[in-house]
Amino acid sequence: MRDQFLLDESIVFLNHGSFGACPRSVLAVYQDWQRQLERNPVEFLGRRSASLLTQSRSVLAEFLNARTDDLVYLTNATSGFNTVARSLNLTAGDEILSTDMEYGACDNAWRFVAEQRGAKLVSVTVALPFDEEQFVEELFRAVTTRTRVISISHITSSTALIFPVTKVCRRARAMGILTLVDGAHVPGHLELDLEAVGADFYVGNCHKWLCAPKGVAFLYVREQSQPLVHATVVSWGYSASITQHADIASITGTTLLERRLQWQGTRDIAAFLTVPAAIEFARARDWRAQGARCHELAWETGLQLAAQTGLAPICVARDCGQMLAIQVPETDGALLQRRLYDQFRIEVPVTRHAERLFVRISVFAYNTRAELAALCGALAQIFAPAPA
Ligand SMILES: Cc1ncc(COP(=O)(O)O)c(C=O)c1O
């Protein structure tokens, strides 16, 4: 599997989670789309792009169990998140309910919006070790009459926990509260059924675990919530007479979501069009079985390191996927990450949450048991007691 990727062979790559990795064959499809675009940019972008994007989205929609019309491509999860956060008509005193385990850039987006609108970002502390039921109860205990939106990750960044988003979305809907789910790490990682999750808004990256080229994510918006969403970059789709203007309709598409969000000015849409190839790559290699093997390997590594360090896992096996945050003894995290890379050639992030330090491993189809053993060996050496 490793030779199907372009990854540097001299490195033990245990960080698929940060930016993914694109297989050679998928990259070739991407480059082919770019070449097609450059053969006649006017024909490609001006006349064909909306229908090409719809075709690509329909394959993604089927993969995610969503309607094609409820999805739009964006370049990354951050921009999808911003699109929603900055669209909602929050007013002074309104509350955004979130947790202390959200991705920093997304926290920033909410803080920015809250400051502008006089709204309040309420952050619930997630107890560790993680317990799903306790999580849901504590989150909803923080709901007030002013809670307008609940904004949580599906898989958290620094702690790699799977949050029970379906339960949260269902309960929030019953209370008339909107839900925004940050699923940056989910497509291609967990089995994702967007209809079943039932969020109002869900952002997901295709360039991480689905192995699409960099610069492709999606925003899902439930049909009833679509009128609430506006583009951060207002473009041609906002023309009042759009339906009578054939040229503009051909680049923006026809649904409300397409008109508002699809055409964001001239840009390279080749990565968006490559998503079906990435899905096909996964399907042809039995991704579900690969994922199960990787999850087991991640969990075994977690247990081995827990035995080595004496630090208990922060969750049970069902609360994590192929990514696992393994607590390590307190030290300088940045130095530890550097040393693992410089001395042992292991690319793995070191994260921190609430006074705990973690090595966050991502186990992907190209990783081997020997590579995880190398990590355990390196950490044993680094944290070995100094000789008396
Ligand atoms: C939980 C989470 N949300 C959002 C993002 C942002 O993704 P992107 O950089 O593709 O916008 C990340 C990136 O790692 C993440 O871990």
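So, here's what we can say about the structure. (Residues numbered from 1 in each chain as written. Predicted model: local features only at pLDDT ≥ 70, side-chain atom pairs only at ≥ 80, totals over all residues. Heavy atoms only, no water.)

**Some remarks on the packing of aromatic side chains**
So, step 1. This model, assessed by the stated rule, comprises 15 aromatic pairs.
So, step 2. An aromatic cluster is defined as three or more aromatic residues linked by ring pairs; in this entry it consists of Phe5, Phe13, Trp209, Phe281, Trp287, Phe364 and Tyr366.
So, step 3. In this structure, arginine 285 packs its charged tip against the face of phenylalanine 281, placed 3.7 Å from the ring centre.
So, step 4. Over the aromatic face of tyrosine 341 sits the side chain of arginine 345, whose NZ or CZ is 4.7 Å from the ring centroid. (Phe/Tyr/Trp six-rings, centres within 6.5 Å; stacked < 30°, edge-to-face > 60°. Lys NZ or Arg CZ within 6 Å of the ring centre and 35° of its normal.)

**A closer look at the site of the ligand**
So, step 1. Taken together, Asn76, Ala77, Thr78, Tyr103, Ile155, Ser157, Asp182, Ala184, His185, Asn205, His207 and Lys208 make up all the residues around the ligand.
So, step 2. A distance of 2.7 Å is found between an oxygen atom of the ligand and a side-chain nitrogen or oxygen belonging to histidine 185.
So, step 3. For the ligand, the protein covers 89% of the area, taking 390 Å² as the surface of the free molecule.
So, step 4. Considered class by class, the residues forming the shell around the ligand number four nonpolar, six polar and two charged. (Near = heavy atom within 4 Å. Polar contact = N/O pair within 3.5 Å; in protein donor to acceptor, adjacent residues only side chain to side chain. Areas by Shrake-Rupley, 256 points an atom, 1.4 Å probe, with all protein chains shown as cover. Nonpolar A, V, L, I, M, F, W, Y, C, P; charged D, E, K, R; others polar.)

**Topic: the pattern of salt bridges**
So, step 1. For the structure shown, the criterion picks out 16 salt bridges.
So, step 2. As a salt-bridge pair, arginine 47 and glutamate 43 come within 2.9 Å of each other at their nearest N and O atoms. Taken together, the residues arginine 47 and glutamate 43, both in helix H3 (residues 41-64) and four residues apart, mark about one turn of the helix.
So, step 3. Look at arginine 47 and you get exposed, because its relative accessible area is 53%.
So, step 4. As a salt-bridge pair, glutamate 62 and arginine 283 come within 3.8 Å of each other at their nearest N and O atoms. With a gap of 221 residues between them, glutamate 62 in helix H3 and arginine 283 in helix H12 (residues 275-284) connect regions that are remote in the sequence. (Salt bridge = Lys/Arg side-chain N within 4 Å of Asp/Glu carboxyl O. Helix = DSSP H or I, 4+ residues; strand = E, 2+ residues; numbered from the N terminus. Buried < 20%, exposed > 50% of the residue type's maximum accessible area, 1.4 Å probe, protein only.)

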